[in-house]
Amino acid sequence: MRQSTIQVTGVERKFGANELIVTKTDPKGVITYANDVFLRISAFTEDEVIGKPHNVIRHPDMPKTLFKLLWDTVSARRELFAYVLNLAGDGAQYWVLAHVTASFDDRGSIVGYHSNRRSPSPRAVTEAKAVYDRVLAAERATAGRDALVAGERALRQELGGSSWDEFFWSITPGSTR
Ligand SMILES: Cc1cc2nc3c(=O)[nH]c(=O)nc-3n(C[C@H](O)[C@H](O)[C@H](O)COP(=O)(O)O)c2cc1C
């Protein structure tokens, strides 16, 4: 996969406040649809992403604990809001405010997932990143499978008894929740 050859440049890419980055996946997280904004910001062609696992844009600085939270949440039919750092095909990176949720057929079975992302507030990114960096450090300090256990423990500590949603909305400006 091209992902393994991407060199992280640290170049931060922005996108417009009125733009939405959209992808859809099958139930396993394989990309089935990507909109033009996704292709432009991610610097991929449609052929390079359709049929590929969504980790094609995974950034190494994102804690695996966050993706476990994502999958645990959406597979349990709940929606997830999160700030996510992604890696573009040209090595640039971009933060998004993502909303991920399942799609259902008329019998209520999950037929896939979709994610809509908008440009995040820089302050919210700073706050999310501080938490993610500490969770990532906990993961990296622990070898093997226990890394995820250590990451989840670190995230619980960061939340200090609050739920993920409470944390997310507490750092999100303009929230009326
Ligand atoms: C609809 C949907 C959208 C996703 N969007 C992203 C994304 O933007 N960036 C990302 O790194 N992972 C995204 N994921 C999660 C990936 O499937 C994967 O769990 C993650 O990249 C971690 O990959 P890894 O377990 O191979 O390290 C998404 C998953 C779904 C179902």
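Worth saying up front: this structure is predicted, and the values here are computed from it rather than measured. (Residues numbered from 1 in each chain as written. Predicted model: local features only at pLDDT ≥ 70, side-chain atom pairs only at ≥ 80, totals over all residues. Heavy atoms only, no water.)

(A) Region of interest: the site of the ligand. In the vicinity of the ligand there are 14 residues, among which Asn-55, Arg-58, Trp-71, Asn-86 and Arg-117 approach most closely. Here an oxygen atom of the ligand sits 2.9 Å away from a polar atom, N or O, in the side chain of Trp-71. Between the ligand and Arg-117, the relevant distance is 3.2 Å, taken from a nitrogen atom to a side-chain nitrogen or oxygen of the residue. Coverage of the ligand by the protein amounts to 83% of the 620 Å² it exposes when considered alone. Counting residues per element, the shell around the ligand draws most heavily on strand S5 (residues 110-118), which supplies four residues. Taken together, the residues of the shell around the ligand break down into six nonpolar, six polar and two charged. (Near = heavy atom within 4 Å. Polar contact = N/O pair within 3.5 Å; in protein donor to acceptor, adjacent residues only side chain to side chain. Areas by Shrake-Rupley, 256 points an atom, 1.4 Å probe, with all protein chains shown as cover. Helix = DSSP H or I, 4+ residues; strand = E, 2+ residues; numbered from the N terminus. Nonpolar A, V, L, I, M, F, W, Y, C, P; charged D, E, K, R; others polar.)

(B) Inspection of the UniProt feature "domain: PAS" (unreviewed entry) in the chain at higher detail. The sites that carry the UniProt feature "domain: PAS" (unreviewed entry) are, in the present numbering, residues 26-77. Structurally, residues 26-77 comprises 44% helix and 8% strand, and the distance from its first C-alpha atom to its last is 14 Å. (UniProt positions renumbered as here; feature names shortened; annotations may be inferred.)

(C) Just helix H3 (residues 64-75), in detail. Given a rise of 1.5 Å per residue, 12 residues ought to cover 16 Å, and the 16 Å separating the end C-alpha atoms of H3 matches this to within 8%. Restricting attention to buried positions, one finds in H3 the residues Thr-65, Leu-66, Leu-70, Thr-73 and Val-74. When H3 is viewed along its axis, its buried side chains cluster within an angular range of 155° and face the same direction. Against strand S3 (80-87), strand S4 (93-104), S5, helix H4 (122-140), helix H5 (146-159) and helix H6 (164-170) lie the buried residues of H3. At the exit of H3 stands Arg-77, carrying a positive phi of roughly 70°. (Expected span 1.5 Å × (residues − 1). Buried < 20%, exposed > 50% of the residue type's maximum accessible area, 1.4 Å probe, protein only. Arc of directions from axis to C-beta. Contact = heavy atoms within 4.5 Å.)

(D) Geometry of the pairing of S3. Counting buried residues in S3 gives eight out of eight residues, a clear majority hidden from the surface. Burial along S3 is two-sided: Leu-80, Ala-82, Val-84 and Asn-86 facing one way and Phe-81, Tyr-83, Leu-85 and Leu-87 facing the other are all buried. Strand direction decides the pairing type here: S3 and S4, joined by eight bridges, are antiparallel. What sits directly across from Asn-86, in S4, is Tyr-94. Here S3 hands over to S4 after five residues, with Gly-91 in that stretch at a positive phi of 90°. (Pairing = 2+ DSSP bridges.)

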